[in-house]
Amino acid sequence: MASFKELIRQVKSEVREVSVEETGALAARGAAVVDVREADEWEKGHFPGAVFIPRGFLELRIEEKVKDKTRPIVVYCAGGTRSALAAKTLLDLGYSEVTSLAGGFTRWREAGQPVVVPRVLNAGQRERYSRHLRIPEVGEAGQARLLEAKVLLVGAGGLGCPAGLYLAAAGVGTLGIADFDVVDLSNLQRQVLHTAASVGRRKTESAAAALLALNPDVRVVRHDERLEARNVMGVIEPYDVIVDGSDNFTTKYLVNDAAVLAGKPSVYGSIFRFDGQATVFVPRQGPCYRCLFPEPTPPELAPSCDEAGVLGVLPGVVGLIQATEAVKLILGRGRSLAGRLLTFDALEMAFREYRVARDRDCAVCGERPTIRDVKDLEWSCHIGTTPREAATAGA
Ligand SMILES: [Zn+2]
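Source: prediction; values computed, not measured.

Cut-off values and rules
Residues numbered from 1 in each chain as written. Predicted model: local features only at pLDDT ≥ 70, side-chain atom pairs only at ≥ 80, totals over all residues. Heavy atoms only, no water. Helix = DSSP H or I, 4+ residues; strand = E, 2+ residues; numbered from the N terminus. Polar contact = N/O pair within 3.5 Å; in protein donor to acceptor, adjacent residues only side chain to side chain. Contact = heavy atoms within 4.5 Å. Salt bridge = Lys/Arg side-chain N within 4 Å of Asp/Glu carboxyl O. Buried < 20%, exposed > 50% of the residue type's maximum accessible area, 1.4 Å probe, protein only. Core = buried A, V, L, I, M, F, W, Y, C linked by side-chain atoms within 4.5 Å. Pairing = 2+ DSSP bridges. Axes fitted to C-alpha atoms, helices over the stretch in contact; angles between N-to-C directions. Donors = N, O, S within 2.8 Å, 3.2 Å for Na, K, Ca; no water. Tetrahedral: all angles 85-135°; square planar, octahedral: opposite > 155°, others 65-115°. Right-handed = clockwise from strand over helix to strand, strands pointing away. Parallel < 35°, antiparallel > 145°, perpendicular 65-115°, else oblique. Left-handed = near helix turned anticlockwise from the far one by under 90°. Nonpolar A, V, L, I, M, F, W, Y, C, P; charged D, E, K, R; others polar.

**Focus: the side chain of Thr-279**
And then number 1: On the secondary structure map, Thr-279 appears in strand β11 (residues 275-281).
And then number 2: A distance of 3.1 Å separates a polar atom in the side chain of Thr-279 from the backbone oxygen of Leu-337.
And then number 3: If we skip the residues at most four places from it in the chain, Thr-279 touches Ser-266, Val-267, Tyr-268, Leu-337, Gly-339, Arg-340 and Leu-341.

**Notes on the pattern of salt bridges**
And then number 1: For the coordinates displayed, the defined rule picks out 19 salt bridges.
And then number 2: A salt bridge links Asp-35 to Arg-37, with the nearest nitrogen and oxygen atoms 2.7 Å apart.
And then number 3: Judged by its relative accessible area of 0%, Asp-35 falls in the buried class.
And then number 4: The class for Arg-37 is buried, based on a relative accessible area of 4%.
And then number 5: With a shortest N-O distance of 3.7 Å, Lys-252 and Asp-244 are connected by a salt bridge.
And then number 6: Exposure remark for Asp-244: the relative accessible area of 4% places this residue in the buried category.
And then number 7: Within the structure, one salt-bridge network assembled from shared partners comprises Glu-14, Lys-88 and Asp-92.

**Some thoughts on the nonpolar core**
And then number 1: Val-151, Leu-167, Val-172, Leu-175 and Val-243 are the most contacted members of the largest nonpolar core, which has 40 residues in total.
And then number 2: Of all hydrophobic cores here, the second largest spans 19 residues; its members include Val-51, Cys-77, Ala-87 and Tyr-95.

**What about the sheet that holds strand β2 (residues 32-35)?**
And then number 1: Strand order in this open sheet of five strands is β1-β5-β4-β2-β3, and the pairing throughout is parallel. Edge strands, defined here as strands with exactly one partner in the open sheet, are β1 (16-18) and β3 (51-52).
And then number 2: Contacts from helix α5 (residues 81-92) reach β4 (73-76) and β5 (98-101) within the one sheet, and its direction differs from that of β5 by about 175°.

**Digging into the coordination of the zinc ion**
And then number 1: The zinc ion binds to the protein through Cys-288 (SG), Cys-291 (SG), Cys-362 (SG) and Cys-365 (SG), with metal-donor distances spanning 2.3 Å.
And then number 2: If you look at the zinc ion, its four donor atoms make angles of 94 to 121° with each other, and the shape they trace is tetrahedral.
And then number 3: Taken in chain order, the donor set of the zinc ion reads C-x2-C-x70-C-x2-C. One end of the pair, Cys-288, is in the loop between β11 and α14 (289-292); the other, Cys-362, is in the segment after β13 (350-355), and 74 residues separate them in sequence. Grouping residues by exposure puts Cys-288 and Cys-362 together as buried.

**Here we look at the pairing of β4**
And then number 1: On β4, burial covers both faces: Ile-73 and Val-75 on one face and Val-74 and Tyr-76 on the other are all buried.
And then number 2: Note that β2 and β4 share four bridges and pair parallel. When the bridges of β4 are listed, Val-33 appears paired with Val-74.
And then number 3: Summarising the sheet, β4 and β5 pair through three bridges and their orientation is parallel. Looking at the pairing, Ile-73 lines up with Val-98 of β5.
And then number 4: Handedness of the crossover joining β4 and β5 through α5: right-handed.

**Some words on the sheet that holds strand β8 (residues 219-223)**
And then number 1: Pairing in this open sheet of eight strands is mixed, and the strands run β8-β7-β6-β9-β10-β11-β12-β13 from one edge to the other. If you trace the sheet from one side to the other, it starts and ends with β8 and β13, each paired once. Each strand axis lies, on average, 15° off the axis of its neighbour in the sheet, ignoring direction.
And then number 2: Contacts from helix α10 (residues 160-170) reach β6 (150-154), β7 (174-178) and β9 (241-244) within the one sheet, and its direction differs from that of β6 by about 165°.

**A look at the side chain of Arg-290**
And then number 1: Note on placement: Arg-290 falls in helix α14.
And then number 2: Using a relative accessible area of 12% as the deciding quantity, one classes Arg-290 as buried.
And then number 3: Apart from the residues within four sequence positions on either side, Arg-290 is in contact with Tyr-253, Asn-256, Asp-257, Cys-362, Ala-363, Val-364 and Ile-371.

**Quick look at the environment of Val-120**
And then number 1: Among the secondary structure elements, Val-120 is positioned in the loop between α6 (104-110) and α7 (123-128).
And then number 2: Look at Val-120 and you get partly exposed, because its relative accessible area is 39%.
And then number 3: C-alpha separation for the pair Val-120 and Glu-367, spaced 247 residues apart in sequence, amounts to 44 Å.
And then number 4: When neighbours within four sequence positions are excluded, Val-120 is seen to be in contact with Glu-43, Gln-125 and Arg-126.

**A short note on the packing of helix α1 (residues 4-14) against α5**
And then number 1: It is the contact of α1 with α5, at a shortest axis distance of 9 Å, that shows an interaxial angle of 60°. When the interaxial angle is binned, α1 and α5 end up oblique. Where α1 crosses over α5, the two elements pack in a sense that is left-handed. Taken together, the residues of α5 that come into contact with α1 (itself represented by Phe-4, Leu-7, Ile-8, Val-11, Lys-12 and Glu-14) are Thr-81, Ala-84, Leu-85, Lys-88 and Leu-91.
And then number 2: Here the contact of α1 with α5 is composed, by residue class, of seven nonpolar, one polar and three charged.

**Thoughts on unusual backbone geometry**
And then number 1: Here Arg-273, not a glycine, exhibits a phi torsion of approximately 55°, which is positive.
And then number 2: In this structure, Met-349 takes a positive phi of about 50° despite not being glycine.
And then number 3: You can see Met-349 is positioned in the loop between β12 (340-345) and β13.
And then number 4: The class for Met-349 is exposed, based on a relative accessible area of 59%.

What follows is the structure, given as structure tokens:
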């Protein structure tokens, strides 16, 4: 039987050790950097972009995390001993280019190299978000991203209410609500954040109370003002994603132009009677609202907000599609609706998808944009049907 010292000497003779500098260079060239320490060590800080597999789970999980056995791997632990043993295991499993960071993470940190300190969930959060933590595509890192994310809800109406409710439940850490309206009894048929007791109160106030009651992790920022050219850039500035639940052209064009100019993704939704539609606008990567609808529908062809009816459950469906897309954008997972317009016909219970392309001549995101600054359109409560008949309309 070899003693531990002899075993380590033997292992280190078989495993190539690399320096801090070599580790950085290997990572820059695409090597997988595998952290084999325990969770409490990982949580205090780790190599940026490292794959975390505690030593005890190495054999079980490595093939899922690093599929290509020819991809170079640098393994590290705190001081270089556990990583040498782990590297030997990986060589035995058939990985061909495995090295171990000499001196481990201690040396990496002492050398002043970049360190990521992950956000740690507290016990209550672990329980609250446990169904997220069980999904590998979300997990603790994804939940931390959600908690750090900032989403602006434009409108606390038919679309903003269900979207906000689920985004708060999911643990999106900051939710801004831009709305200048007060709750009306006729809103309660679909605007599920507001209650009978909220009638006459500001929608932002009523929505904030409901969201905080659901999830005290969430910070709600109220913007009690109509979005206009003078304030829109400032309002959207802190946010990562915009969920546009506005109910009129004036705001939709304004928010679109502001989002394109600020380079922020916005999730679009609209509803009319039994029809809804949704898509995602990612500036420079896909079309924007003006690419789809270059000009507002003439007022004589569009019903006004007061005339527009909507099935109460419809905004729930469309608002949750918007919330789903917002969560995917934050997590960086899946395929977004960018470049696809999804329409929903509640009477037929049918979803259809239309490809939508960027317009090179688009006034705001095209090759020669004519809109370089946000401007106020003439205020119009008109809502319009689209060329594809599923409509753009009111919350
Ligand atoms: Zn465009």
